[in-house]
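# Close look at the chain arrangement
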Amino acid sequence: MPPLSVLMTTEGTYPYGAGGVSTWCDALIRNTPDVRYVLLPIMMNPHIERKFEPLANIRRIVPVPLWGIEEPSEFRSGTPFAELYERKHATGEDDIAAEFVPLFRRFLDCVSEAGADPAAFGRVLLEMESYFRRRDYNVTMKSVPVWELFRATMEAYSGAMTRASALPGPEHQLPSLFDLTESLRWLYRFLIVLDVEPPKTSVTHSTAAAFCGIPCITAKLRYGTPMILTEHGVYLREQNLFLSRFRRLFFCKQFLLNLITAVVRANYFFADVVSPVCHYNTRWELAHGTPQQKIRVIYNGVDPDVFAPAPRNVSAPRHVVATARIDPLKDIETFLRVAARVRETHGDVRFSVFGAVADREYYERCLTLRRELHLDDAVAMGEATSDIVGAYREADVVLLTSISEAFPYSVIEAMSCERAIVASDVGGVSEALEDCGILVKPRDHAAFAAAVSKLLDDPVLRERYAARARRRVLEEFRLAGSVHDYLELYRELGEERAVA
Amino acid sequence: MSADPQPFAPAEAAAAIDEIAQRVIDRIGVPKDEWEVAAQLEVLGLRDADARLLYGRRDLFELARAIHSRFHAGAYSFFVEGEDPRPYVHPAVAFLRRYVSGLLFSAPMALQAATILIWGYGIWGAIDLDLTKGSAIALAFIASYIVAGGFSQAIVRRGLFYIYQQEEVLARWVALRGWWVAARVMLALIVPALLLNALFDVLPWSMVFTAIAYYVALAILWLNWSLIYLVRKAHLFLTITAVALAAVLVAAKIFHAPPLVANAVGLFVADSLSFAVAVLSLNALVKRRGAAQPVNPPRLTVLVYSTSRFFVYGLLYNTYLFADRVIAWTTPVGREDFPPYAFWLSVRYELAMDLALVVVVVLSGFVEYSIERFSEELIPSEKRIKSVDAAAFLADQLRIDRRRSLQLGIASIVAVAIAYGVSVALRLLPNPRLQEALAAPTTVPIFLCAAAGYIFLMFALRNILLLLTLSRVDAAVRCVAIALLVNVGIGFVCSRSIHYAGAVAGVLGGSMVMAWLASHAAKRVLARLDYYYYAAF
């Protein structure tokens, strides 16, 4: 039987970005050597260095940069230049008006309804992808008919919204010319993924319910290829949080969230299996219409031989460690406040945050807070470590203060290294930790400090939690188990579709 | 072990909902829907257990729906900040800043001209050079400027694109690669020139080699200028020119070097200094990023294709600027000096054209102001106007454009007056060759025709820069290409049938056509500015 082939799609992660999703992708691909992968990474720009060494069973990478390019054809390596040139000159305004405008109108109608009919949305995405196989993307999306249709549709939509509700009022709901320009420019970027021809494989596997899922949706509609969707975080929630910053641009926020919701719902609808990394994620999936029977939770796993326990150097000062990037969602400010409280009674304790700076402005805020709390000598932060196992082994207590998580690797890695853990009760953390550590309400630095102090003062309790945590990882969260579950899923869905 | 909250009494739940709701609204302004509210509740640290026990709702989603519903019932106040206030700058100050910035481009030429007139030497050229050498230098200047024009536009266009993307490593890569490709192409063009001369004996070899030497030095200078412009240090053009001129004067006046040697010193200083400034500035840009090599640069074929239209525009525009000289100096019709070779400089013609260039210098600041104001005001204007009121916005843009044209017209009269004043002032200089050229019967007609032509050119340039600002490079290329054909056509016919100086009629005719075409194209763009601004980037 020909080997299984998988089209794996990512967005802002593997193999060009670090983080939990990338770690997961690398581990899965590395540990399924008989499966052939085609990677389709959606990237923010094309000039990023690969963070992961190429693996032998990755047969092809089809990068899709959304920004950092003047037009998509700059990075279309498989298509000869002559063909690109011909396609440009074969795309006239009449062709756009006759062939693309009706599709785009249906597309915008779906977006305005936030993807209430995901089947219809999927079909129009397929037709748009087929259109872009014949016509030039840049010429089409930058054309007068597209702009005029977009403007008319959005004016009609926002007019209807102002009539439907008195709040927030036309001042915020009716788009300015700038709103329309920005919104259509964003759309131009996000729909670049339609300018790619996804290859035919046994199975497709999207690592987010996001734009990277679109090639999987169109492959399903075009070839009948089964689709798996793994949600590490909840993309829709993350985008809601990100776009909440658009305080002054309500129309843009509304348009983008409608678009993203439509894409997310289409992902849920077309996936044959939705495999979130924790039960917590299923809340958003179920709330957006995913049938329960489609959902199969597959927890992340770690290699217990790599994340193995080792005795701590008892002569070293007591040490509380977090492995988290410096990012508002990791709530390093609460970590700092916890450190300040703990050191009131435990002045010898060191605190460290091992993780790169993801948000420079937030990092500056944390540095200011550290200074104000007189913790400059007590708390080290802002640098990643190449020896993450060593970082856990240094710790007496591992502390996670995130305000948003799915199923964090940092928790199960620390558990595997047999460390006592205090973690915020968010996302799937409680599913990982259960009674093997202490869960605390997020942002409650008094409760965090009390829990950390308790563990620092009671080595027997610490060891009990730590041993329980290690046992739980060996029983429930081994990497081999996680990989086995995905491989079984590939075989189940792809057996009949193995492609030579 | 987990931490569950203690329940509030049901009567307090409604007040608690309003309290948490107002916190959410204060964070985000206007919620789009309940999902946005739910996401905010989660990052405020709430869980489904809290929704049940504290707020009497089944889960966070139900709580979010309740909050969103009450928001639409007007239960919560919301505030959305306006745009950050722009710092007030007095209109006269704003105008002067932009005007001076625009003058920076022509200031080096003006300084060079002044130095030649006062001390007799420039970086290229000297007042007492014989006409053979003068013609060679003129040929080299024109050839290098035309060939470099295309490369300069392509390098700057692509380099600025990467700088705006915060890809400074790529900006440096494309700038230096472009420079190197351009230098090789420009040098390679010497070979066919030599072959042409060998086959047809166009010019004496001494003149050819002099021209080649100046061509190479000037080509490098123009390419360096484009790198300096890319890193936004155009204010250093004047400084570098001044230093190079000082080197020329030291060589000539103190060390009594012959004019060609003094020029060579000046060009060497200008080339070295400008290259050093460019490379150091590019390296400083990259240092912030911490990387040395670009990652995954674009396909060469697509890179060349995407910059090719800008290359063509630069090539055509620079050709336009000097087409009349080439036409005028390659015919003996009406010449007083019986040109011995196929290409022969006419000092009278050049002087008259240089006087007319004063109009360009004076108006360039105004054009710069006009384009900068357009760019600065565009986004704030688009933010203020609702799309349903776009017609008023577009009408306003056309009205502003007409006002700028009127202002440019008034400024043109002033510019001509200044140019005339310069010519009167020049009559006070005790240089016989200069006075003879000023007094020649062709000088004033050439000056007046060229001045009028340059006024039309500045009108055209204002609109062409508008088109380029909005990435309408095809329209800009069309305007310049057609105008060039008209320039060459009229200039060739007049110079061959009437008088060599009739070449200047091509400048007038071509510029009038360019002004008309560019104005038409710009008005078309302004009438649909909403679309063209979207499509520009």
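Residues numbered from 1 in each chain as written. Chains lettered and ligands numbered in written order. Predicted model: local features only at pLDDT ≥ 70, side-chain atom pairs only at ≥ 80, totals over all residues. Heavy atoms only, no water.

## So, the overall build of chain B
Scanning chain B from N- to C-terminus turns up 19 helices and 0 strands. Relative to the compact-globule value of 24 Å for 537 residues, chain B shows a C-alpha radius of gyration of 31 Å, a clear excess of over 25%. For the C-alpha atoms alone, the extent of chain B along its principal axes is close to 110 × 50 × 40 Å. A burial count over chain B gives 53% of its 537 residues as buried. Considering only residue pairs separated by 6 or more positions, chain B has 79% of its internal contacts joining residues 24 or more positions apart. Surface summary for chain B: the accessible area is close to 23500 Å², and the carbon and sulfur share equals 69%. Within chain B, the 38 negative side-chain charges are centred at a point lying 6 Å from the centre of the 46 positive side-chain charges. (Helix = DSSP H or I, 4+ residues; strand = E, 2+ residues; numbered from the N terminus. Rg over C-alpha atoms; globule rule 2.2 N^0.38 Å. Buried < 20%, exposed > 50% of the residue type's maximum accessible area, 1.4 Å probe, protein only. Contact = heavy atoms within 4.5 Å. Areas by Shrake-Rupley, 256 points an atom, 1.4 Å probe, with all protein chains shown as cover. Lys, Arg positive; Asp, Glu negative; His and termini not counted. Charge placed at Lys NZ, Arg CZ, Asp CG, Glu CD.)

## Some details on the overall build of chain A
A tally of helices and strands in chain A yields 20 helices and 13 strands. Expressed as lengths along the three principal axes of its C-alpha atoms, the size of chain A is roughly 80 × 60 × 40 Å. Counting all 500 residues of chain A, 64% fall into the buried class. Accessible surface, chain A as shown: approximately 18400 Å² in total, 50% of it carbon and sulfur. If the 58 positive side-chain charges of chain A are averaged to one point and the 66 negative ones to another, these points end up 1 Å apart.

## Regarding the packing of aromatic side chains
According to the stated counting rule, one finds 55 aromatic pairs over all chains in the structure shown. A ring pair is formed by A:Tyr299 and A:Phe407, whose centres lie 4.7 Å apart and whose planes are at 35°; its orientation type is tilted. With A:Tyr299 in the loop between α12 (282–287) and β8 (319–323) and A:Phe407 in the loop between β11 (397–400) and α16 (409–416), the pair connects residues that are 108 residues apart, well separated along the chain. Ring centres of B:Trp124 and B:Phe141 lie 5.3 Å apart, and the angle between their planes is 35°; this geometry places the pair in the tilted category. (Phe/Tyr/Trp six-rings, centres within 6.5 Å; stacked < 30°, edge-to-face > 60°.)

## Considering the environment of A:Thr334
Residues and elements named next belong to chain A. Topologically, Thr 334 is positioned in helix α13 (residues 332–345). On a C-alpha basis, the gap between Thr 334 and His 445 in space is 5.9 Å, while along the polypeptide they are 111 residues apart. Within polar-contact distance, the side chain of Thr 334 engages the side chain of Asp 331 at 2.5 Å. (Polar contact = N/O pair within 3.5 Å; in protein donor to acceptor, adjacent residues only side chain to side chain.)

## Describing the nonpolar core
Counting residues in each nonpolar core, the largest one holds 257 residues, and the members touching the most others are A:Phe104 and A:Phe107. A:Val35, A:Val411, A:Cys436 and A:Tyr490 belong to the second largest nonpolar core, which has 59 residues in total. (Core = buried A, V, L, I, M, F, W, Y, C linked by side-chain atoms within 4.5 Å.)

## Let's talk about the sheet that holds strand β12 (residues 420–424) of chain A
All names here are of chain A. Spatially, β10-β9-β8-β11-β12-β13 is the arrangement adopted by the 6 strands of the open sheet, whose pairing is parallel. Unpaired on one side and paired on the other, β10 (379–383) and β13 (438–440) mark the two borders of the sheet. On average, each strand axis in the sheet is tilted by 20° relative to the strand beside it, whichever way the strands run. Note: β8 against strand β9 (residues 350–354), 5 bridges, orientation parallel. (Pairing = 2+ DSSP bridges. Axes fitted to C-alpha atoms, helices over the stretch in contact; angles between N-to-C directions.)

## Details of the packing of helix α17 (residues 473–497) of chain B against helix α18 (residues 503–527) of chain B
All names here are of chain B. Their axes nearest at 7 Å, the elements α17 and α18 cross at an angle of 160°. Classified by the angle their axes make, α17 and α18 are roughly antiparallel. Crossing angle aside, the handedness with which α17 passes α18 is right-handed. Contact residues: Ala 475, Cys 479, Val 480, Ile 482, Ala 483, Val 486, Asn 487, Ile 490, Gly 491, Cys 494 and Ser 495 in α17; Ala 503, Ala 505, Gly 506, Val 507, Gly 509, Gly 510, Val 513, Met 514, Leu 517, Ala 518 and Ala 521 in α18. Residue classes in the contact of α17 with α18 are distributed as 16 nonpolar, 6 polar and no charged. (Parallel < 35°, antiparallel > 145°, perpendicular 65-115°, else oblique. Left-handed = near helix turned anticlockwise from the far one by under 90°. Nonpolar A, V, L, I, M, F, W, Y, C, P; charged D, E, K, R; others polar.)

## Focus on a nonpolar patch on the surface
Residues and elements named next belong to chain B. Nonpolar side chains collect at one region of the surface, where Leu 196, Leu 199, Phe 200 and Val 202 lie side by side and expose about 420 Å² of accessible area between them. Here Leu 196 lies in helix α8 (residues 190–200). For Leu 196, a relative accessible area of 47% gives the class partly exposed. (Patch = residues over 30% accessible without salt bridge, like charges linked within 9 Å, V, L, I, M, F, W, Y side chains within 5 Å. Salt bridge = Lys/Arg side-chain N within 4 Å of Asp/Glu carboxyl O.)

## Brief notes about the pairing of β8(A)
All names here are of chain A. Among the 5 residues of β8, 5 are classified as buried, and the element is accordingly described as predominantly covered. Residues His 319, Val 321 and Thr 323 of β8 are buried on one face, and the alternating residues Val 320 and Ala 322, pointing to the opposite face, are buried as well. Traced from β8 through α13 to β9, the parallel crossover comes out right-handed. In the sheet, β8 pairs with β11 via 2 bridges, with the strands oriented parallel. What sits directly across from Val 321, in β11, is Val 398. (Right-handed = clockwise from strand over helix to strand, strands pointing away.)

## Observations regarding the side chain of A:Thr153
Checked against the element boundaries, A:Thr153 lands in helix α6 (residues 144–164). If we skip the residues at most four places from it in the chain, A:Thr153 touches A:Leu108 and A:Asp109.

## Quick word on the packing of helix α10 (residues 235–243) of chain A against helix α2 (residues 34–43) of chain B
Axis separation between α10(A) and α2(B) bottoms out at 9 Å; the angle between their running directions is 90°. Judged by the angle between their axes, α10(A) and α2(B) are roughly perpendicular. Facing A:Arg237, A:Asn240 and A:Leu241 of α10(A), the residues of α2(B) in contact are B:Trp35, B:Glu36, B:Ala39, B:Gln40, B:Glu42 and B:Val43.

## So, the pairing of β12(A)
All names here are of chain A. Counting buried residues along β12, 5 of its 5 residues qualify, which places the element largely inside the surrounding structure. Side chains of β12 alternate between two faces, with Ala 420, Val 422 and Ser 424 and Ile 421 and Ala 423 buried alike. Since β11 and β12 lie parallel, the crossover through α16 that links them has a hand, and here it is right-handed. With 3 bridges joining them, β12 and β13 adopt parallel strand pairing. Note on β13: the bridge partner recorded for Ser 424 is Val 440.

## Points about unusual backbone geometry
All names here are of chain A. Pro 15 follows Tyr 14 through a cis peptide bond whose omega is -5°. Tracing the sequence through the fold places Pro 15 in the loop between β1 (5–11) and α1 (20–30). A cis geometry characterises the amide bond from Leu 167 onward to Pro 168, with omega recorded as 0°. Within the secondary structure, Pro 168 sits in the loop between α6 and α7 (170–173). Residues other than glycine seldom take positive phi values, yet Glu 418 does so here, at roughly 60°. Tracing the backbone through its elements, the reader meets Glu 418 in the loop between α16 and β12.

## Concerning the pattern of salt bridges
When the charged atoms of two side chains with opposite charge come close together, those side chains can pair. In total, this model carries 61 salt bridges over all chains according to the counting rule given. Bridged by salt links that share partners, the residues A:Glu148, A:Arg151, A:Glu155, B:Arg528 and B:Asp530 form one connected network.

## With respect to the interface of chain A and chain B
With 77 residues of chain A at the contact, the number on the chain B side is 68 residues. Surface buried jointly by chain A and chain B totals about 6500 Å² across both partners, of which 54% is contributed by carbon and sulfur atoms. At the boundary of chain A with chain B, the tally comes to 13 salt bridges. Linking A:Lys441 and B:Asp50 is a salt bridge whose minimum nitrogen-to-oxygen distance equals 3.6 Å. Between the two partners, chain A and chain B, sit 42 residue pairs in polar contact (both at pLDDT 80 or more). When residues of the side of chain A that touches chain B are traced back to their parent elements, those giving at least two are α2 (81–89), α6, α7, α8 (177–190), α10, α11 (250–270), α12 and β13 of chain A. Per-element accounting of the side of chain A that touches chain B gives the leading share, 7 residues, to α8(A). Classifying every residue of the side of chain A that touches chain B gives 35 nonpolar, 19 polar and 23 charged. (Buried area = accessible area lost by both parts, 1.4 Å probe.)

## Description of helix α4 (residues 118–131) of chain A
All names here are of chain A. Over its 14 residues, α4 extends 20 Å from the first C-alpha to the last, a length consistent with the 20 Å expected when each residue adds 1.5 Å. Taken across its 14 residues, α4 has 11 buried, putting it largely inside the fold. Among the residues making up α4, those that are buried are Pro 118, Ala 119, Ala 120, Phe 121, Gly 122, Val 124, Leu 125, Leu 126, Met 128, Glu 129 and Tyr 131. Buried positions along α4 lie against α3 (93–112), α5 (137–141), α9 (214–223) and α11. (Expected span 1.5 Å × (residues − 1).)

## Let's talk about the confidence of the model for chain B
Predicted confidence across chain B gives a mean pLDDT of 92, with 97% of residues reaching 70 or more. Across the predicted assembly, pTM comes out at 0.91 and ipTM at 0.91. (pLDDT = per-residue confidence, 0-100.)

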